[in-house]
Amino acid sequence: MTIKAKFFAIAREKAGTADATLHLPDGSTVAIATAMIARQFPQLAATTTRCAFAVNQEYAAPDRTLKDGDELALIPAVSGG
Amino acid sequence: MNDWLEIFSTPLPVTEATAFIAAPGAGGIALFLGTTRADTSATGQSLIALDYEAYEEMALKQFASLAERARRTWPVIKLAIHHRTGRVALAEPSVLIAVSTPHRADAFDACRWLIDTLKSEAPIWKKEIWSDGPATWVEPGTKAEN
C-alpha cells in the first residue's frame, strides 16, 4: 500500500521536504511507517522519537494500523499561541 | 454562523472578530490576544519576530473540536478562534480567542480554557527569529513559551 507522509517545523527542515510517499506492506502500523521514514531520512531519525503522530488529521497512537491512501503526519512538540 | 475558526497568513482581523462576537443575548465578551513578546537569547541576541507554521487542515479540525468542547461546558453564544501563520512582529497578535456568554464569569473561564487547550493540542509551531544568528524552534517548557 501507499501512504503520504507529512513533515512540519523542525521535522520538515531536517527532512528537507514537507512530504514523502511511502510504500509499505499491508497492515503496517504508524510505528512501522515511522521506522521506514527514519531509514529514508536518516537525519530525521532522532526527531521522530520526539514526535506525536496524526493519521488523516487526527492524533493517532504508534500501534494504529494504516490503510492505503492514509496521510501520516509527524507532529513535533507543538508551540502555537 | 456562530463559530469563526480560521488561520490567517495576514494580520488578524481583531476589529471584525470583536464585532462578530457581539450578540443580543450576551452579557459578557472575553477577548484574548496572544502577542509576540520581546526577548533576549542566551547569547544576547534580540528577538525580532516569530515565524508560525501550521498543519492547517488538522489545526482547523482541532479548533472545531475546541469549540464543541467549550460549548458542552459553558453557555457559549458565539466564539472566534484565529491563529496566524508566517512572520509575526513584536507586539502583534498571533492568536485570538473571543467568546460571548450571558454572564462574564463563563466568558472568562471559556476563553482561558480555549487558549490553554489550543496551546497544548493544536498542530502549530513557532520559530524565534533573532537579530543575529540562527533561528530556533520553540520547545515547550523553555522560557519563550507562553
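First, a word on scope: everything that follows refers to the structure included in this document.

How each quantity is defined
Residues numbered from 1 in each chain as written. Chains lettered and ligands numbered in written order. Predicted model: local features only at pLDDT ≥ 70, side-chain atom pairs only at ≥ 80, totals over all residues. Contact = placed C-beta atoms within 7 Å. Helix = DSSP H or I, 4+ residues; strand = E, 2+ residues; numbered from the N terminus. Nonpolar A, V, L, I, M, F, W, Y, C, P; charged D, E, K, R; others polar. Axes fitted to C-alpha atoms, helices over the stretch in contact; angles between N-to-C directions. Parallel < 35°, antiparallel > 145°, perpendicular 65-115°, else oblique. Left-handed = near helix turned anticlockwise from the far one by under 90°. Pairing = 2+ DSSP bridges.

1. What to know about the interface of chain B and chain A
Then comes step 1: Contact residues are listed per partner, giving 21 residues for chain B and 13 residues for chain A.
Then comes step 2: Broken down by secondary-structure element, the contributors of at least two residues to the side of chain B that touches chain A are α2 (56–73), α3 (104–121) and β7 (124–130) of chain B.
Then comes step 3: Its residues assigned to classes, the side of chain B that touches chain A shows 12 nonpolar, two polar and seven charged.

2. Some remarks on the packing of α2(B) against α3(B)
Residue and element names in this part refer to chain B.
Then comes step 1: Look at α2 against α3: their axes get within 10 Å of each other, and the N-to-C directions meet at 150 degrees. The orientation of α2 relative to α3 falls into the category roughly antiparallel. Taken as a pair, α2 and α3 cross one another with a handedness that is right-handed. Side by side, α2 and α3 meet where Gln62, Leu66 and Ala70 of the first sit next to Ala110, Trp113, Leu114, Thr117, Leu118 and Glu121 of the second.

3. Side note on the sheet that holds strand β1 (residues 3–8) of chain B
Residues and elements named next belong to chain B.
Then comes step 1: Spatially, β1-β4-β6-β2 is the arrangement adopted by the four strands of the open sheet, whose pairing is mixed. Either end of the sheet is taken by a strand with one partner, and the two such strands are β1 and β2 (28–35). Direction aside, neighbouring strands of the sheet carry axes that sit 5 degrees apart on average.
Then comes step 2: Sheet topology note: the β2/strand β6 (residues 93–101) ladder contains eight bridges and is antiparallel. Each residue of the ladder has a partner; that of leucine 31, found in β6, is alanine 98.
Then comes step 3: Across the sheet, α2 lies against β1 and β4 (78–84), angled at about 155 degrees from β1, the strand it touches most.

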